Amino acid sequence: MQTQPSSSITIFHNPACGTSRNTLALIRNSGEEPQVIEYLKTPPSKETLRELLAAMNMAPRTLLRKKGTPYEELGLDDAKWTDEQLIDFMLAHPILINRPIVVTPLGTRLCRPSEEVLDILPSPQQGAFTKEDGEAVIDAEGRRVHRAA
């Protein structure tokens, strides 16, 4: 996987996705400027997609995005499709790749919800952070806010 020398973090990002925007903002709130790959414009190679899936210990079917994609019209819920065929579908239709995927020195993760990125960021949060929907995630001291159950 290629990353820019300026950052050890890469995000496969869709700027139209609120979860992806929140995840990117949390990375930046840790003082890092990640390599941002807008995967709809620059889809990963087959090899990179395989590497991401392996690093997340995830089957291709688990990474498929259903909402707002050609998932149903392509009949991807059919068990007949092999992992390789599902990867080929994701490469042909990158919108099928769920997002955001973040790669750091501490791991690779599908960050849904966006707070998942906190477990793999090498640097702590540097200040308060509130998601776009108004949910507080990080307090002024950079600590995670835990919601009441």
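Provided above is the structure to which this section pertains.
Residues numbered from 1 in each chain as written. Predicted model: local features only at pLDDT ≥ 70, side-chain atom pairs only at ≥ 80, totals over all residues. Heavy atoms only, no water.

K.L.:
Explain the overall build of the protein here, please?
P.N.:
A tally of helices and strands in the protein yields four helices and six strands. Reading the protein from its N terminus to its C terminus gives the helix and strand order β-α-β-α-α-α-β-β-β-β. Since a compact globule built from 149 residues should have a radius of gyration of about 15 Å, the 16 Å found for the protein is in line with a globular shape. Oriented by its inertia axes, the alpha-carbon framework of the protein measures out at about 50 × 40 × 25 Å. Relative to its 149 residues, the protein shows a buried fraction of 46%. Partitioning the intrachain contacts of the protein with sequence separation of at least 6 by distance along the chain shows that 57% fall at a separation of at least 24. (Helix = DSSP H or I, 4+ residues; strand = E, 2+ residues; numbered from the N terminus. Rg over C-alpha atoms; globule rule 2.2 N^0.38 Å. Buried < 20%, exposed > 50% of the residue type's maximum accessible area, 1.4 Å probe, protein only. Contact = heavy atoms within 4.5 Å.)

K.L.:
I keep staring at the packing of aromatic side chains and nothing clicks. Help me out?
P.N.:
We describe a pair of aromatic rings using the distance from one ring centre to the other and the angle between the two ring planes. Counting across every chain of the model gives one aromatic pair. On the basis of an interplanar angle of 85 degrees and a centroid distance of 4.9 Å, the ring pair of W81 and F89 is categorised as edge-to-face. Of the residues examined, F89 reaches a relative accessible area of 17% and is grouped as buried. (Phe/Tyr/Trp six-rings, centres within 6.5 Å; stacked < 30°, edge-to-face > 60°.)

K.L.:
Would you take a moment to explain the packing of helix α2 (residues 46-55) against helix α4 (residues 83-92) for this structure?
P.N.:
When two helices pack together, their arrangement is captured by the angle between the axes and the distance separating the axes. Across the interface, α2 lies against α4 with an axial gap of 10 Å and an inter-helix angle of 120 degrees. Taken together, the axis directions place α2 and α4 in an arrangement best described as oblique. Taken as a pair, α2 and α4 cross one another with a handedness that is right-handed. Contacts between α2 and α4 involve K46, L49, R50 and L53 from the former and E84, I87, D88, M90 and L91 from the latter. Here the contact of α2 with α4 is composed, by residue class, of five nonpolar, no polar and four charged. (Axes fitted to C-alpha atoms, helices over the stretch in contact; angles between N-to-C directions. Parallel < 35°, antiparallel > 145°, perpendicular 65-115°, else oblique. Left-handed = near helix turned anticlockwise from the far one by under 90°. Nonpolar A, V, L, I, M, F, W, Y, C, P; charged D, E, K, R; others polar.)

K.L.:
I would appreciate a short explanation of the sheet that holds strand β1 (residues 10-13) in the present structure.
P.N.:
Backbone hydrogen bonds are what pair the strands of a sheet, in a parallel or an antiparallel way. An order of β2-β1-β3-β4 is seen for the four strands of this open sheet, with the pairing classed as mixed. Strands at the two margins of the open sheet, each flanked by one partner only, are β2 (35-38) and β4 (107-110). The mean inter-strand angle of the sheet, taken between neighbouring strand axes irrespective of direction, is 15 degrees. Note: β1 against β2, four bridges, orientation parallel. By the bridge assignment for β2, I11 is matched with V36. With respect to the sheet, helix α1 (residues 18-29) is in contact with β1, β2 and β3 (101-104), its orientation differing from that of β1 by roughly 160 degrees. (Pairing = 2+ DSSP bridges.)

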